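Summary of structural features
What follows is each chain in one-letter form.
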Amino acid sequence: MSAVLKKLMFSSLIGISIGSALFAPNAEAEEPAAKPKKVDIIAHRGASGYAPENTMAAFEKALQMKADYIELDVQMSKDGELVIIHDTTVNRTTDIDSELPVAVKNLTLAELRKLDAGSFFAPQFAGERIPTFEEVLDRYKGKIGMLIELKEPARYPGIEEKVSAALKERRMDKPKNGKIIVQSFDFNSVYKIHQLLPSMPTGVLTSKAADLTDAKLKEFSGYAKYVNTNLKNVTADPTLVPRIHALGMKITPWTVRSRDEVSPLLKAGVDGIVTDFPDYVPKKVR
């Protein structure tokens with residue numbers, strides 16, 4: 001073999017080696033970054049950090065802030081109308097002139113509607129009224145998700161049927177995207193809603209660690225899609241979220257009122273966050 005030929009072969013081998021090094025897969029290269037996870041932003045009683053809770057102003061603010069859901073509390077008036085208010089009395093959030101507690105269930109809808117439900121928050125919200133359940137459904141159907149809490153339903157016999165009827169009337173009882181959810185601290189009430197509206201996602205609410213055992217979670221999974229608990233239970237028990245997910249359920253803990261409370265919940269892998277301040281929660285996380 002001539003010296004020239006040997007030189008050419010040597011050069012070719014070097015070129016092949018260099019090309020292989022440049023284009024061969026790098027075993028030490030990092031895996032592609034996972035797609036950002038969507039986290040539902042649930043405006044607690046509407047965007048209640050910025051507007052009076054459970055009013056149309058708070059719900060409108062949540063919509064403007066692009067929250068995924070509004071959370072609202074349903075009770076019943078003396079004459080059987082469904083109304084949106086958190087406390088079982090009207091004293092804290094309205095201008096009622098009474099030093100004694102006045103129960104929601106002891107006032108008619110007309111009497112409730114006369115009350116100012118905005119001034120307690122700030123003067124510019126004077127004149128806000130207690131909304132009806134039907135008003136909220138009609139205004140926000142198809143525009144934003146709704147996390148509907150039945151507030152102390154044992155006080156209001158028949159409230160499950162009335163809520164179910166209102167949803168059915170508007171064809172909201174079979175939400176294709178799961179964006180209508182009914183929840184309660186009253187597990188019997190949640191079970192009843194599940195029976196009345198079998199296609200409706202339901203959620204159990206609890207702040208008690210005793211309700212978050214494997215046995216209780218298994219029981220909930222028979223009629224609920226969500227287990228929604230106080231955020232402290234999530235940060236205290238790193239097994240909680242995976243245990244809920246293992247049973248095919250989701251978790252949206254409550255209630256974030258500080259930016260510092262967001263990161264631990266995101267790291268825990270929650271599905272959504274209930275917050276007074278929708279802008280505190282990022283839309284997606286890695």
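Residues numbered from 1 in each chain as written. Predicted model: local features only at pLDDT ≥ 70, side-chain atom pairs only at ≥ 80, totals over all residues. Heavy atoms only, no water.

Naming follows an unreviewed UniProt entry, where the protein appears as Glycerophosphoryl diester phosphodiesterase of Bacillus spizizenii.

Right, let's get into the pattern of salt bridges. For the structure on display, the rule yields 19 salt bridges. The partner of Asp 68 in a salt bridge is Lys 38, and the shortest N-O contact between them spans 2.9 Å. Remark: Lys 38 occurs in strand 1 (residues 37–38) and Asp 68 occurs in the loop between helix 2 (56–64) and strand 3 (69–76); sequence separation between them is 30 residues. Between Arg 257 and Asp 276 there is a salt bridge; the shortest N-O distance is 2.7 Å. One end of the pair, Arg 257, is in the loop between helix 9 (240–246) and helix 10 (262–268); the other, Asp 276, is in the loop between strand 9 (272–275) and strand 10 (284–285), with 19 residues separating them in the sequence. Looking at Arg 257, the relative accessible area reads 46%, which means it is partly exposed. A cluster of three or more residues bridged by salt bridges with shared partners is formed by Lys 38, Asp 40, Asp 68 and Lys 283. (Salt bridge = Lys/Arg side-chain N within 4 Å of Asp/Glu carboxyl O. Helix = DSSP H or I, 4+ residues; strand = E, 2+ residues; numbered from the N terminus. Buried < 20%, exposed > 50% of the residue type's maximum accessible area, 1.4 Å probe, protein only.)

A separate point is the packing of aromatic side chains. This structure, assessed with the given rule, holds nine aromatic pairs. Note on Phe 277 and Tyr 280: the rings are 4.7 Å apart at their centroids and 15° apart in plane angle, and the pair reads as stacked. The residue whose ring lies beneath Lys 61 is Tyr 50, and the NZ or CZ to ring-centre distance is 5.9 Å. Positioned above the aromatic ring of Tyr 69 is the side chain of Lys 179, whose terminal nitrogen or guanidinium carbon lies 4.6 Å from the ring centre. (Phe/Tyr/Trp six-rings, centres within 6.5 Å; stacked < 30°, edge-to-face > 60°. Lys NZ or Arg CZ within 6 Å of the ring centre and 35° of its normal.)

This part takes up the pairing of strand 3. Counted residue by residue, strand 3 has eight buried out of eight residues, so it is predominantly covered. With burial as the criterion, each face of strand 3 is covered, one bearing Tyr 69, Glu 71, Asp 73 and Gln 75 and the other bearing Ile 70, Leu 72, Val 74 and Met 76. Pairing between strand 2 (residues 40–43) and strand 3: two bridges, direction parallel. From the neighbouring strand, Ile 42 faces strand 3, where its bridge partner is Tyr 69. Relative to strand 4 (residues 82–84), strand 3 runs antiparallel, the two sharing three bridges. Within the sheet, the bridge partner assigned to Val 74 lies in strand 4 and is Ile 84. Between strand 3 and strand 4, which pair antiparallel and follow one another directly, the connecting turn spans five residues, one of which, Gly 80, has a positive phi of 80°. (Pairing = 2+ DSSP bridges.)

On to the nonpolar core, then. A general feature of soluble globular proteins is that nonpolar side chains tend to end up buried together. If you look at the biggest cluster of nonpolar residues, it comprises 69 residues, and the most contacted ones within it are Leu 72, Val 74, Phe 133 and Leu 167. Setting aside residues no more than four positions away along its own chain, Phe 133 makes contact with Leu 72, Val 74, Leu 82, Val 83, Ile 84, Ile 148, Val 163, Ala 166 and Leu 167. Formed by eight residues, the second largest nonpolar core is a distinct cluster that contains Tyr 69, Leu 147, Ile 181 and Tyr 226. (Core = buried A, V, L, I, M, F, W, Y, C linked by side-chain atoms within 4.5 Å. Contact = heavy atoms within 4.5 Å.)

Counting through the fold element by element, Ser 184 comes out in strand 6 (residues 180–184). Engagement of the side chain of Ser 184 in a polar contact is seen with the backbone oxygen of Leu 150, the distance being 3.0 Å. Setting aside residues up to four positions removed in sequence, Ser 184 forms contacts with Glu 149, Leu 150, Pro 153, Ser 189, Val 190, Gly 203, Val 204 and Leu 205. (Polar contact = N/O pair within 3.5 Å; in protein donor to acceptor, adjacent residues only side chain to side chain.)

Note on Lys 38: relative accessible area 37%, which makes it partly exposed. Sequence-wise, Lys 38 and Val 285 are 247 residues apart; in three dimensions their C-alpha atoms are separated by 6.7 Å. Aside from chain neighbours lying at most four places away, what touches Lys 38 is Asp 68, Asp 271, Lys 283 and Lys 284. Engagement of the side chain of Lys 38 in a polar contact is seen with the side chain of Asp 40, the distance being 3.5 Å.

Taken as a whole, helix 5 (residues 159–169) has its buried residues at Ile 159, Glu 160, Val 163, Ser 164, Ala 166 and Leu 167. In a view along the axis of helix 5, the buried residues occupy a sector of 160°, so they form one face of it. Each element contacted by the buried residues of helix 5 is listed here: strand 3, strand 4, helix 4 (133–140), strand 5 (145–150), strand 6 and helix 6 (187–196). Taken from the residues just after helix 5, Arg 171 is the one with a positive phi, measuring 55°. (Arc of directions from axis to C-beta.)

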